[in-house]
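Coordinate analysis (summary)
Chain by chain, the residues run as shown.
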Amino acid sequence: MPASENNTTSAFPVTRLKGVGPKAAERLEKLGIHTAQDILFHLPIRYQDRTSVINIGTVRPGMQVVVEGEVDHSEIRFGRRRALLVHISDGTGSLILRFFHFSAAQKNNLAKGKQIRCFGEVRRGQNRYEMIHPEYQLDIERDGELDEESLTPIYPTTEGMHQLTWRSLTDQCLQLLEEGQLGLQELLPENIASEYSTLARALTLLHRPPTDIDFALLTEGKHKIQQRLALEELTAHQVSLRQMRYQHRQHEAPPLKSDRKLQSAFLKQLPFNLTGAQQNTVEVISKDLLNDHPMMRLVQGDVGSGKTVVAALAALQAISAGYQVALMAPTELLSEQHRNNFQIWFGTLGIEVAWLTGKLKGKPRRQQLERIAANQVQMIVGTHALFQDEVIYASLGLVIIDEQHRFGVHQRLALKDKGNAVVPHQLVMTATPIPRTLAMTAFADLDVSVIDELPPGRTPVKTVLISDERREQVMQRVQQACKSGRQAYWVCTLIEESESLQCQAAEDTANLLAEQLQELRIGLVHGRLSSSDKERVMQHFKTGELDLLVATTVIEVGVDVPNASLMIIENPERLGLSQLHQLRGRVGRGSVESHCLLMYHAPLSQNGQQRLSVMRETTDGFVIAQKDLELRGPGEVLGTRQTGEMQLKIADLMRDQLLLPRAQEVAETLISEYPHHTDLLVRRWLGNKTRYANV
Ligand code: ADP
Ligand code: MG
């Protein structure tokens with residue numbers, strides 16, 4: 001697990017440690033541990049307090065404690081599961097030890113009158129507290145004295161590596177560290193050591209916390225010595241991301257001069273004026289594109305803030321400078337909608353728009369690829385298929401990625417090879433407003449712009465929570481809304497992984513609704529429909545030939561039908577807040593007041609209740625994202641790919657948020673004042689495998 005320090009001059013191979021033969025060395029190797037230094041970075045996941053004996057009368061369920069007592073009696077119970085029960089007491093209270101696996105000898109040993117010391121977790125039993133399979137010692141002196149001097153560390157481990165082995169290994173390594181034999185370098189600036197702790201002290205205390213350490217802080221991971229290491233780790237990531245970003249900017253990109261005439265022709269045909277926020281973003285991007293090194297810009301803008309137009313203006317600049325533009329969307333449906341928009345916008349300007357997705361096969365596909373390679377199309381819209389090896393661009397100047405949270409750093413960087421001799425500029429757009437602290441970490445390779453203003457005339461969506469026991473009432477409501485000329489969405493959600501189940505549920509719901517609401521014209525879209533069928537249904541909904549659209553979460557992004565002002569979301573408790581926010585963003589696009597009914601399945605968990613209330617209380621995507629982060633953690637919010645890529649060992653993005661700005665500062669100081677430390681630091685925490693080698 002920890003990064004290897006074996007490239008430093010004083011590498012101390014694990015095989016030189018006592019008790020490490022070829023077998024153990026192999027096991028350690030699997031954990032990425034090669035040296036004694038590595039072992040020091042293999043930190044305990046938790047601690048036990050075995051330093052003092054607790055009175056049985058004071059123990060409570062959940063506590064992990066050492067108790068001492070006398071065996072009162074023991075018995076074998078034949079219940080659902082045969083068990084040996086040993087009753088012990090110490091004068092302050094009594095406790096049962098329960099063993100499901102035991103030998104005859106064990107049973108005989110645990111006889112009445114024996115003095116026993118045991119360690120285990122206390123649980124609530126039928127009439128009395130219990131310990132299940134405690135560790136125990138017999139025939140002890142009951143003097144309440146224990147020889148443990150520090151809290152007991154529990155290490156993350158692997159098959160065949162016992163906790164005692166880890167303790168012996170770390171004992172040896174701490175000894176070597178103290179003797180100065182490991183050459184473990186202090187890589188952070190000196191003031192960090194005095195403010196937090198030196199590295200050596202932090203490691204020593206974390207492996208062997210003294211009994212007087214603040215156990216609560218330690219357990220929460222908030223102790224100063226833990227923060228020292230978390231800060232170092234976050235700094236290592238910052239340094240690595242900055243190096244990557246710096247290297248990326250060394251590449252050559254085509255400077256894209258803008259064509260004011262074309263731009264104003266485009267703006268003139270829009271049925272609206274750009275908002276101030278849109279204008280600002282367009283200007284920043286326009287400047288970036290003039291540079292001869294690649295732009296790497298993230299545009300964050302809430303659902304409906306009008307990111308597509310901003311993308312179109314960037315595209316226009318590239319195209320008028322003689323380059324091609326690739327626009328990638330996360331789903332077929334959304335890519336289709338983008339294609340339609342761009343065809344309308346660019347058609348009148350004489351710009352060819354092509355569409356490329358995985359579903360395009362055979363001859364039409366070959367033709368499309370030929371046109372792209374021959375520079376016959378300038379604007380190419382599609383899905384991931386845009387970046388397959390077989391797609392060769394004649395002159396790719398700009399790559400636009402919509403909804404980038406599904407797209408990782410590495411994928412982003414791989415796009416550079418799609419340019420011809422030059423590296424294309426990159427614009428990534430997301431409607432998931434990522435809290436600032438997180439954005440700084442996960443996207444440190446990008447510059448960030450925010451579109452913090454919605455187009456005028458939007459009325460915020462009113463959201464209510466309603467139990468699915470009141471489905472009848474909800475259907476009535478849909479009926480009324482549709483009869484008065486409005487349109488509605490009915491969104492069916494199921495567990496994300498099972499697309500086919502989700503489609504089935506949507507089909508069933510559509511049938512049920514068709515039966516119950518016979519006057520309504522009902523359509524259905526889900527992921528298993530062909531894209532032409534999907535397109536047809538969507539088109540009918542858009543033109544008002546359908547009143548109600550039953551859908552799976554495929555409509556999450558993009559879909560734009562201003563007359564739709566009511567949305568029912570089934571089982572919203574299964575979705576993340578940001579996803580709900582995206583879905584809800586499909587309504588509230590016209591000038592009538594819109595409503596969103598979150599039809600949950602009762603009873604809601606407390607967390608579920610809390611999360612859905614957030615949806616009721618705010619329509620601000622940033623607030624929602626922040627809450628989502630607090631309630632679900634960064635992995636869920638950013639997508640596992642992004643956080644997985646970070647591979648943090650000690651730091652926790654949520655818990656250690658406040659350290660992030662500090663880590664940025666320290667990273668800057670290191671790069672400018674201690675440049676010879678940066679590579680060592682990155683290697684220490686990220687190892688070689690996660691180095692962003694190919695930038
Ligand atoms: P998102 O940021 O969610 O991708 P879109 O680009 O799909 O938003 O825009 C949402 C809707 O708002 C579209 O119908 C678009 O035409 C419209 N729109 C964009 N900018 C403006 C504006 N400045 N004024 C009015 N409507 C706008
Ligand atoms: Mg969009």
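For the structure itself, look to the data block above.
Report follows, based on the coordinates. (Residues numbered from 1 in each chain as written. Chains lettered and ligands numbered in written order. Predicted model: local features only at pLDDT ≥ 70, side-chain atom pairs only at ≥ 80, totals over all residues. Heavy atoms only, no water.)

Bringing the overall build of the protein chain into the picture now. When its secondary structure is counted, the protein chain shows 25 helices and 21 strands. Classification of the 695 residues of the protein chain by burial places 54% in the buried group. By sequence separation, contacts in the protein chain at least 24 residues apart represent 76% of the contacts at least 6 residues apart. Total accessible area computed for the protein chain in this model is approximately 31,000 Å², and 47% of it derives from carbon and sulfur atoms. (Helix = DSSP H or I, 4+ residues; strand = E, 2+ residues; numbered from the N terminus. Buried < 20%, exposed > 50% of the residue type's maximum accessible area, 1.4 Å probe, protein only. Contact = heavy atoms within 4.5 Å. Areas by Shrake-Rupley, 256 points an atom, 1.4 Å probe, with all protein chains shown as cover.)

Here we come to the site of ligand 1. Lining the immediate environment of ligand 1, one finds 16 residues, of which Asn273, Gly304, Lys307, Thr308 and Asp560 sit closest. Asn273 is positioned such that a nitrogen or oxygen atom in its backbone is 2.8 Å from a nitrogen atom of ligand 1. For ligand 1, an oxygen atom lies 2.5 Å from a polar atom in the side chain of Thr308. Within the complex, the protein chains bury 82% of what would otherwise be the 570 Å² of accessible surface of ligand 1. (Near = heavy atom within 4 Å. Polar contact = N/O pair within 3.5 Å; in protein donor to acceptor, adjacent residues only side chain to side chain.)

Orientation of helix 4 (residues 163-178) relative to helix 6 (residues 199-207), taken along the N-to-C sense of each, is 155°, at an axis distance of 11 Å. Taken together, the axes of helix 4 and helix 6 are roughly antiparallel relative to one another. Handedness of the helix 4/helix 6 crossing: left-handed. In contact with Thr170, Leu174 and Leu177 of helix 4, helix 6 contributes Ala200, Leu203, Thr204 and His207. When its residues are assigned to classes, the contact of helix 4 with helix 6 shows four nonpolar, three polar and no charged. (Axes fitted to C-alpha atoms, helices over the stretch in contact; angles between N-to-C directions. Parallel < 35°, antiparallel > 145°, perpendicular 65-115°, else oblique. Left-handed = near helix turned anticlockwise from the far one by under 90°. Nonpolar A, V, L, I, M, F, W, Y, C, P; charged D, E, K, R; others polar.)

This paragraph deals with helix 9 (residues 260-269). For helix 9, the set of buried residues is Leu262, Gln263 and Phe266. Seen end-on, helix 9 carries its buried residues on one side only, within an arc spanning 100°. Pointing more than 90 degrees away from the buried face of helix 9 are the exposed residues Arg260, Lys261 and Lys268. Of the surrounding elements, those touching the buried residues of helix 9 are helix 10 (276-290), helix 11 (307-320) and helix 12 (332-347). Sitting at the amino-terminal end of helix 9 is Asp259, which places a side-chain oxygen 3.1 Å from the backbone nitrogen of Lys261. (Arc of directions from axis to C-beta.)

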